[in-house]
Amino acid sequence: MSLAEMLARLADDTLRGSLPLFLPELVVVATIVLLLLGRVSGFDRLIGPAVVALVGSATACGVAVMQLDAMFAAGRTDAPLFSGLLSCTYVGVYVKVLAAAAAAFTVLLTGTTKLPDREDGPDYYTMLLGVTLGAMLTASAEHLLMVVVAIEMMSVPGYVLVGFQKGRAKSGEAALKYLVFGSGASGTMLYGTSLIAGTLGTASLDEIGVVLAAGTLPAGGTAVSLGVLFLTAGVAFKLSLVPFHFWSPDAYEGAPAEAAGFLSVAPKVAAFVVLVRLVEMLPADAAAGSGLIDTPRFGMLLAGLSAASMTLGNLGAFFQRDLKRLLAYSSISHAGYLTMGVVAFACAGDRQGLSGLLYYSAAYVAMNLGLFAVVAVVRRLTRGESVDAVAGIGTRKPVLGLAAVVCAVGLIGLPPTGGFIGKIAVFAATYAAGLNGSAAVTPWCWGLLACAGVNTVLGLFVYLRIVKAMYFEPYDGPADLPRVHPVEVGCLLLALAAVVATGVTIAPLSAVTDAAVGVSTP
Amino acid sequence: MTDAALLSLVVFLPALSAGAIVAFDGENRGAIRRFANLTTLAVVGLLFGLVLPRYLAQSPDEAGYRLVVDLPWVPGWGIGYRLGLDGLSLPLLLLTGVVSHLAMWASAGITKQTKGYLILFLLLETGMLGSFVALDFLLFYVFFEVMLLPMYFLIGLWGGPRKEYAAIKFFLYTLVGSVLMLIVMLMAYAGSSGVAGGATFDLPTLTAIGSGRVDTVEFSGKVQCWAFAMLLIAFLIKLPAVPFHTWLPDAHVEAPTPVSMILAGVLLKVGGYGLLRIAYPLFPLGAAYFADVVVWLGVVSILYGAFVALAQTDFKRLVAYSSVSHMGYVLLGIGIWSPAAADTAAWQMGMNGAVFQMIGHGITSVGMFFLVGVLYDRVKHRDMREMGGLLTVMPRYGGLSIGIFFAAMGLPGLCGFWGEVFPVLAAWSFSPWATVLAATGVILTAGYMLFAVQRIYLGPRYIGPRGEQLVPMTASEKWIAGLVMTAAVVFGVYPRPVFDVAGPAVARITADAQTGVETAEVRKVARAENEATQ
């Protein structure tokens, strides 16, 4: 094949094959460029950066929804992009929708809570969209190098978002802490990648999967296992799974609530895709003595992380006075619940668990964004972000109270909310994995289920504290609270509607998640 | 109107009204209250005017249900919008409608944040009605949980001095039960994956599996024991039975009067209903295994509740513990099953008695909590040591009270009688000792009831504070107490409506459970033979 032919083929592959499927990312990139150019040319005086960012993220979300729709209509199709560095998968597109929607929601909210002023607006939205872009790439990474690069892409702007309030010492401290932890995690991931690539001679997830499944690994199974563990540590850092969670309470406390809310959903959901890809890469049954970790054993490891996260998250949340710290611990425990879906998949190859994971993710995005939005609005109204700051707010501002109650109920996992349906889906998958899996995984799966059950009850105390403060405690703030801005009301109602809708009209979304992971529905 | 539309309307009318109330002006209490009152009345009207005649006109389907609704909800996961009624749920559904209306009527004294109160009240009613008509395990669970949050707020915001403690305790206990039920639900779901159409939450299908009528699928003995044990705890918490009852005195005492009426009148019955609708039909092997536990917990509840009631000085606490004791009869009646004896006549009698006791206790406890409320509204305390002579000060109140107390006591001719005597009589063939002890409970009941009557209504005069506030009952108070008293007399003299309706359902549940145990035995033998031949 001559060079010209190769180039022609590459151009064809890129222009006709990859770029159309890469459209959601392209829209985000274009928006970022537009924001930066607007700053230079001064056209951001005409159209505010918030508007540009909102239109951009909403368009990206719309494009991704259209892709999802097309995939749903045409059946499951995974297409490799850019000669196999990325791939356009059903699950990936689903996560892109969530990430872009979360970005649009956050932009909408920050437009009224006045977080970035006119001067630093473009910076703020550039960083926000940078995280979104990173999350989108992470969700479609098909190559270990790409995984590392994409996770960096979504982390680095995140550090800036956390430290965005320049004057606040807490903010700076949080950003530094996050940065140090994050760099450590990236280093670990890179090391893991080099171990795997060095042993197997490839870093493409598909190829690694083929090599490992063939069971012909001559030596170096232990090195590959170590590599997988290092990668898992990096992903667990992004998911804030115990014991890689230390950064998140500090980072969330220092970050403005809007940014913390966004960072607690978009990167997490994307990181789950990587975790699932790691499981898919591993063999279901490794030969004894090869030193290679197989999926059931990886599942047991994840079960341990999951159980530890939900328990420590709940216990930690219970003693917090600061709402954002409380929610940080809450998101640690929810990372544990969400991981149950991956555990079920790893332990027994149960793809229903992944469907539950996707469903729960959607509900989780709505619930967390909603509750962080409540915190953001309360901060604007009362200047406080602690549990005491919301005392008595529920009766004063019914919208805030209602949104907080519905989101809290969803996080506890009670119907009729999406949190309940998501929880029941991952619980069911974990139970089934224990039932159908090998004898070795059964106690892990059922033990995890029991632990999750206990934690559901513990969670009651965590989330009811917010509800209780809002309704049962007397209001002692200023007599004239500012009005809740109509856009804020819209945001809160949007989150609320999403939480309830995912809990009542379940079938439309569950059909998509089932199809995305390849579970046939009767 | 189709059955689907009718049942959905009954269930969701209160919730829709709650939504409509949001649009009302919070200051216009009268209008909101009239609207809410009208809603609960409309539910009663729909229940007696449309649902009851239609139920009587239809013949049951093969699973024994009428007005069956089966619409897809989440077809991929085997979840359906399935509703239906049988002889077990119909009486409880009607009771719920009536008690809700009476409680709404009794809510006239709620002046704090009336709008929020009524919204939560109506949401609670939707949860209760839904629990009794749901024929899908997941749907039942959803309605079961929907009751929690409104109840939490109703106790926690409108309750007495220790309301927050009582509210969180209620929520916590029930949530523990719910989580156990959730796990059982997943066990049943995963266990049913072999039926045609895949794993399902459909209760009639799951019942068919439990009773061994499906050839391809069965719940193994181990699964059944675990599942039944977990469900038992879940529903014993709700019922409540010793040792899971400690939330009840706190919740009852702190809750405002109408909420206490609902708690005692309807919510406790969800526990008994859950045992009869889910635990026994789905997991008969587990039920057979734990038969002794159920019966003896029932006996202990009867005696313990009665003894503790005997020692109370707080009027409302006394009524609360009497509920524990009375619900013990329900548990006793449900539990007396000896699978070894193929004849289920005694069990049927006990279970009929249990269903009747749920209705009877629904009537009397609602009445008693209302009467406590009437007195508390006037003198603002409930200490029985400071009372006395009320029969002379408020003769009509005293008379109705004594009547309702006697009904609760189980005097023949009043509605408490049948529910106590049937389980106790039927228990003989299960265990004479249980019968003897449960019968002792009847005497203790008479003891604490008469002791209370003596301290409150008889005696020379009222010696507590605010004696001048002891004014006669208002017209609506008279109506509510009068209606309760009438129902107590009617069902005491003529209990047949309940027995006639519940009888077939009870016969079915007992026969199914017996078949389930026998089929499991046959299959076990067949499997052993199979292995032997190989």
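Attention in this report is confined to the structure presented alongside it. This one's a predicted model, so the numbers in the text were calculated from it and none came from an experiment.

What follows covers the overall build of chain A. Per the secondary structure count, chain A includes 20 helices and two strands. Radius of gyration (C-alpha) of chain A: 22 Å, near the 24 Å computed for a compact globule of 522 residues. Taken over the C-alpha atoms alone, chain A extends approximately 75 × 60 × 45 Å along its principal axes. When the accessible surface of chain A is summed, it comes to about 17900 Å², and 69% of that surface belongs to carbon and sulfur atoms. Separation between the mean location of the 29 positive side-chain charges and that of the 31 negative ones in chain A comes to 8 Å.

With that out of the way, let us pick up the overall build of chain B. Within chain B, the regular secondary structure consists of 21 helices and two strands. Over its C-alpha atoms chain B spans a radius of gyration of 23 Å, differing by no more than 12% from the 24 Å that the globule rule assigns to 534 residues. The 534 residues of chain B split such that 64% are buried. Taking the contacts inside chain B whose residues are at least 6 apart along the sequence as the reference set, 81% of them involve residues at least 24 apart. Only carbon and sulfur atoms are counted for the fraction: they give 66% of the accessible area of chain B, which is about 17800 Å².

Our focus in this paragraph is helix α20 (residues 475-493) of chain B. Residues and elements named next belong to chain B. Given a rise of 1.5 Å per residue, 19 residues ought to cover 27 Å, and the 27 Å separating the end C-alpha atoms of α20 matches this to within 8%. Residues E477, I480, A481, V484, M485, A488 and G492 constitute the buried set of α20. An end-on view of α20 places all buried positions within 125° of arc, on one side of the element. Those residues of α20 that are exposed and angled more than 90 degrees off the buried face are A475, W479 and V493.

The next point concerns the state of the cysteines. All names here are of chain A. Per the counting criterion, the structure on display carries zero disulfides over all chains. Here C445 is not cross-linked by a disulfide; its sulfur's nearest cysteine counterpart is in C347, at 3.9 Å. Owing to a relative accessible area of 0%, C445 belongs among the buried residues under this scheme. Residue C491 stays outside any disulfide, its sulfur separated by 12 Å from that of C407, the closest cysteine.

Residues and elements named next belong to chain A. Its 26 residues place the ends of helix α13 (residues 323-348) 38 Å apart at the C-alpha level, agreeing with the 38 Å of an ideal helix rising 1.5 Å per residue. Considering bend angle alone, the principal kink of α13 is centred on G341 and spans about 25°. Across the 26 residues of α13, 25 count as buried, placing the element largely inside the fold. In this structure D322 caps α13, since a side-chain oxygen of it lies 2.8 Å from the backbone nitrogen of K324. Note on α13: the residue one or two positions beyond its end, G349, has a positive phi of about 65°.

Let's shift gears to the packing of aromatic side chains. Residues and elements named next belong to chain A. All chains considered together, the criterion is met by 44 aromatic pairs over all chains. Centroid distance W247 to Y252: 6.2 Å. Interplanar angle 80°. Geometry classified as edge-to-face. Taken individually, W247 and Y252 each receive the classification buried, so the pair is uniform in this respect. An aromatic cluster of at least three residues, connected via ring pairs, comprises Y159, Y178, F237, W247, Y252 and F372.

Residues and elements named next belong to chain A. Its place among the elements puts S264 in helix α11 (residues 257-281). Take S264: its relative accessible area is 0%, and that puts it in the buried class. At 2.8 Å, the side chain of S264 and the backbone oxygen of G261 are in polar contact. Not counting the four nearest positions on each side in its chain, S264 is found in contact with Y252, Y364, N368 and F372.

On to a nonpolar patch on the surface, then. Residues and elements named next belong to chain A. Taken together, L34, F43, L46, I47, V51 and V55 make up a surface patch of nonpolar side chains, about 550 Å² in accessible area. With respect to the element layout, F43 can be found in the loop between α2 (23-41) and α3 (49-74). Residue class for F43 comes out partly exposed when judged on its relative accessible area of 30%.

Looking now at empty space enclosed by the protein. Gaps between atoms show up when a probe of the same size as a water molecule is rolled over them. Using the criterion set out here, one finds eight cavities of 30 Å³ or more in the structure. Every residue lining the largest cavity is listed: I209(B), G210(B), G212(B), E218(B), F219(B), Q224(B), L285(B), G516(B), T519(B), A520(B) and R523(B). Of all elements in the fold, only α8 (203-210) and α21 (496-533) of chain B reach the threshold of two or more residues within the lining of the largest cavity. Tallying contributions element by element places α21(B) first for the lining of the largest cavity, with four residues. Its residues placed into classes, the lining of the largest cavity shows four nonpolar, five polar and two charged. The computed volume of the second largest cavity comes to approximately 50 Å³. Around the second largest cavity, the lining residues are G413(A), L414(A), F420(A), K423(A), T456(A), Y141(B), E145(B), L175(B), V179(B) and L182(B). For the lining of the second largest cavity, the secondary structure elements donating two or more residues are α17 (418-436) of chain A together with α5 (137-146) and α7 (163-191) of chain B. Top contributing element to the lining of the second largest cavity by residue count: α7(B), with three residues. Of the residues contributing to the lining of the second largest cavity, the split by class is six nonpolar, two polar and two charged.

We now examine the interface of chain A and chain B. Taken together, the contact between chain A and chain B spans 37 residues of the former and 29 residues of the latter. The contact between chain A and chain B buries some 2900 Å² in all, and 85% of this surface belongs to carbon and sulfur atoms. The tally of links between chain A and chain B comes to one salt bridge. The interface formed by chain A and chain B holds two residue pairs in polar contact (both at pLDDT 80 or more) in total. Of all the secondary-structure elements, those providing two or more residues to the side of chain A that touches chain B are α14 (351-382), α16 (398-412), α17, α18 (442-472), α19 (486-504) and α20 (507-517) of chain A. Top element by residues in the side of chain A that touches chain B is α18(A). It accounts for 11 residues. Split into classes, the residues belonging to the side of chain A that touches chain B amount to 27 nonpolar, eight polar and two charged.

What follows deals with the layout of surface pockets. Roughly 1700 Å³ of volume is contained in the largest pocket. Around the largest pocket, the lining is made up of 48 residues, and of these L402(A), V22(B), I119(B), L120(B) and L123(B) lie nearest the centre. Secondary-structure elements contributing two or more residues to the lining of the largest pocket are α15 (393-396), α16 and α19 of chain A together with α1 (3-22), α4 (114-133), α5 and α6 (148-158) of chain B. The leading source of residues in the lining of the largest pocket is α4(B), at seven residues.

Attention shifts here to the packing of α4(B) against α5(B). Residue and element names in this part refer to chain B. At a minimum axis distance of 8 Å, the contact between α4 and α5 shows a crossing angle of 150°. Considering their axes alone, α4 and α5 lie roughly antiparallel with respect to each other. Helix-helix and strand crossings are classified by hand; for α4 and α5 the assignment is left-handed. Residues L123, T126, G127, G130 and S131 of α4 form the contact with α5, whose own contacting residues are F140, F143, F144 and V146.

Our focus in this paragraph is the pattern of salt bridges. Following the criterion strictly, the structure yields 32 salt bridges over all chains and no others. The salt bridge involving R297(A) is made with D294(A); its shortest N-O contact spans 3.4 Å. Taking the relative accessible area as the measure of exposure, R297(A) reaches 44% and is therefore partly exposed. According to the relative accessible area criterion, D294(A) is buried, its value standing at 7%. The shortest N-O distance in the salt bridge between K468(A) and E164(B) comes to 3.7 Å. Separated into two different chains, K468(A) in helix α18 and E164(B) in helix α7 make up a pair that spans both. The exposure class of E164(B) is partly exposed, given its relative accessible area of 29%. Each of K170(A), E173(A), K177(A), D250(A), E253(A) and R325(A) takes part in a single network of salt bridges with overlapping partners.

Analysis parameters
- Residues numbered from 1 in each chain as written.
- Chains lettered and ligands numbered in written order.
- Predicted model: local features only at pLDDT ≥ 70, side-chain atom pairs only at ≥ 80, totals over all residues.
- Heavy atoms only, no water.
- Helix = DSSP H or I, 4+ residues; strand = E, 2+ residues; numbered from the N terminus.
- Rg over C-alpha atoms; globule rule 2.2 N^0.38 Å.
- Areas by Shrake-Rupley, 256 points an atom, 1.4 Å probe, with all protein chains shown as cover.
- Lys, Arg positive; Asp, Glu negative; His and termini not counted.
- Charge placed at Lys NZ, Arg CZ, Asp CG, Glu CD.
- Buried < 20%, exposed > 50% of the residue type's maximum accessible area, 1.4 Å probe, protein only.
- Contact = heavy atoms within 4.5 Å.
- Expected span 1.5 Å × (residues − 1).
- Arc of directions from axis to C-beta.
- Disulfide = S-S within 2.5 Å.
- Bend = angle between axes of the 7 residues up to and from the residue.
- Polar contact = N/O pair within 3.5 Å; in protein donor to acceptor, adjacent residues only side chain to side chain.
- Phe/Tyr/Trp six-rings, centres within 6.5 Å; stacked < 30°, edge-to-face > 60°.
- Patch = residues over 30% accessible without salt bridge, like charges linked within 9 Å, V, L, I, M, F, W, Y side chains within 5 Å.
- Salt bridge = Lys/Arg side-chain N within 4 Å of Asp/Glu carboxyl O.
- 1 Å grid on protein atoms, 1.4 Å probe; cavity = no way out; pocket = protein on both sides within 12 Å on 5 of 7 lines; lining within 4 Å.
- Points joined across faces, edges and corners; volume = space filled by probe spheres on them.
- Nonpolar A, V, L, I, M, F, W, Y, C, P; charged D, E, K, R; others polar.
- Buried area = accessible area lost by both parts, 1.4 Å probe.
- Axes fitted to C-alpha atoms, helices over the stretch in contact; angles between N-to-C directions.
- Parallel < 35°, antiparallel > 145°, perpendicular 65-115°, else oblique.
- Left-handed = near helix turned anticlockwise from the far one by under 90°.

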